[in-house]
Amino acid sequence: MMRTKLVAGNWKMNKTLTEAMEFAVSLQEHRDELPDGVEVMIAPPSLYLVPMEMVKDPVYELAAQNCSQHSFGAFTGEISAAMLSEMRVRYAIIGHSERRQYFHEGDTLLARKVDACLLHGIKPVFCVGENLEERQEKRHFITVLHQLEHGLYHLSPAQMADVVLAYEPVWAIGTGVTASSDQAQEMHAFVRQSLASHVGEATANRVRILYGGSVNASNSADLFACPDVDGALVGGASLKVHEFIRIIRSAAGL
Ligand code: PEP
């Protein structure tokens, strides 16, 4: 099964508007270096979604880093999938470990956010992953299974086909410690098998599973060589345009 690789940058709360636009322009200027057949996604701070969608013929898809479970209403500070869907925003990252940890987003809430995205035609990039203690106690499979069951397994196969998954072991995020390609492949295969038992093999084989956690231009090729690693969710290394381009190229074996 050929799945189009997806290289996604999560900028988190970084960059000024000037820096964001410089990055966007630079990526456009280097478009000849970007391989065909690799999808590029950027999740900037939501303020920058509008200027970044104005770029002519962009080489990237845009994503929100979060969205509300509600469509409209008295929810000060929130942005909804309904609002995102009117712009050129294709994806929203849901359940990033920073949202789970610092903003106390739990499974029930995240399932509602997934529903809100799908209702408004936004594809959720749903993040799962164990923390260090869970890994050390060999509970990583159970943890990820629990996150899948509570966040996604109420979806129909047709809905699941619009979801992107990201396996992001919390101990590897922003730490410089990446999972080995064996560890990544083992978990990705486990996730795909679990998906298959819920929505069938055909759908499971269509769903892209990204790896995230200290991905950079030096380790991405090994990760992308794993049969069940369909791309990456990149934090720190997505802030530097030349490094990001090298990661994108490595997804095409360049
Ligand atoms: C992330 O935040 O999704 C992430 C993987 O960050 P980093 O690449 O910096 O570890």
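Calculation rules
Residues numbered from 1 in each chain as written. Predicted model: local features only at pLDDT ≥ 70, side-chain atom pairs only at ≥ 80, totals over all residues. Heavy atoms only, no water. Patch = residues over 30% accessible without salt bridge, like charges linked within 9 Å, V, L, I, M, F, W, Y side chains within 5 Å. Areas by Shrake-Rupley, 256 points an atom, 1.4 Å probe, with all protein chains shown as cover. Salt bridge = Lys/Arg side-chain N within 4 Å of Asp/Glu carboxyl O. Helix = DSSP H or I, 4+ residues; strand = E, 2+ residues; numbered from the N terminus. Buried < 20%, exposed > 50% of the residue type's maximum accessible area, 1.4 Å probe, protein only. Contact = heavy atoms within 4.5 Å. Near = heavy atom within 4 Å. Polar contact = N/O pair within 3.5 Å; in protein donor to acceptor, adjacent residues only side chain to side chain. Pairing = 2+ DSSP bridges.

## Some thoughts on a nonpolar patch on the surface
Then step 1. Taken together, the side chains of Phe72, Ile79 and Met83 present a nonpolar region at the surface, about 290 Å² in accessible area.
Then step 2. Among the secondary structure elements, Phe72 is positioned in the loop between strand 3 (61–64) and helix 3 (81–85).

## Overview of the environment of Thr4
Then step 1. As for its placement among the helices and strands, Thr4 is situated in the segment before strand 1 (5–10).
Then step 2. Judged by relative accessible area, Thr4 falls into the partly exposed class, the value being 42%.
Then step 3. Spatially, the C-alpha atoms of Thr4 and Ala189 are 17 Å apart, while their sequence positions differ by 185 residues.
Then step 4. Sequence-distant contacts of Thr4, defined by excluding residues within four places in its chain, comprise Gly37, Glu39, Arg208 and Asp230.

## Section: the site of the ligand
Then step 1. The immediate surroundings of the ligand are formed by 14 residues, with Lys12, His96, Glu168, Gly174 and Ser214 found nearest.
Then step 2. Contacts to the ligand include Lys12, whose side-chain N or O atom sits 2.6 Å from an oxygen atom.
Then step 3. His96 is positioned with one of its side-chain polar atoms (N or O) 2.8 Å from an oxygen atom of the ligand.
Then step 4. Considering the ligand on its own, with 290 Å² of exposed area, one finds that the protein chains cover 95% of that surface.

## Considerations on the pattern of salt bridges
Then step 1. Scanning the entire structure with this criterion turns up 15 salt bridges.
Then step 2. The salt bridge involving Lys123 is made with Asp162; its shortest N-O contact spans 3.1 Å. With Lys123 in strand 5 (residues 123–128) and Asp162 in the loop between helix 8 (157–160) and strand 6 (164–167), this residue pair connects regions lying 39 residues apart in the sequence.
Then step 3. Linked through salt bridges whose partners overlap, the residues forming this network are Arg3, Arg192, Asp228 and Asp230.

## Comments concerning helix 12 (residues 241–250)
Then step 1. Of all 10 residues in helix 12, seven are buried, a share of seventy percent or more.
Then step 2. The set of residues buried in helix 12 consists of Val241, Glu243, Phe244, Ile245, Ile247, Ile248 and Ser250.
Then step 3. Looking at the buried positions of helix 12, the neighbouring elements they touch are strand 1, helix 1 (17–29), strand 2 (38–43), helix 11 (220–224) and strand 8 (231–234).

## Focus: the pairing of strand 2
Then step 1. Among the six residues of strand 2, six are classified as buried, and the element is accordingly described as predominantly covered.
Then step 2. Every second residue of strand 2 is oriented toward a common face, with Val38, Val40 and Ile42 on one face and Glu39, Met41 and Ala43 on the other, all of them buried.
Then step 3. Examined bridge by bridge, strand 1 and strand 2 share six bridges and lie parallel to one another. Each bridged residue has a counterpart across the sheet, and for Leu6 the counterpart in strand 2 is Glu39.

## Quick look at the side chain of Gln147
Then step 1. In this structure, Gln147 sits in helix 7 (residues 140–151).
Then step 2. Given the relative accessible area of 9%, Gln147 is considered buried.
Then step 3. For Gln147, the contacting residues outside a window of four places in its chain are Arg100, Asp107, Phe126, Val128, Gly129 and Leu152.

## Remarks on the pairing of strand 5
Then step 1. Across the six residues of strand 5, five count as buried, placing the element largely inside the fold.
Then step 2. The pairing of strand 4 (residues 89–94) with strand 5 spans four bridges and is parallel. Of the residues in strand 5, the one forming a bridge with Ile93 is Val125.
Then step 3. Note that strand 5 and strand 6 share four bridges and pair parallel. Its bridge partner lying in strand 6, Val128 is registered against Tyr167.

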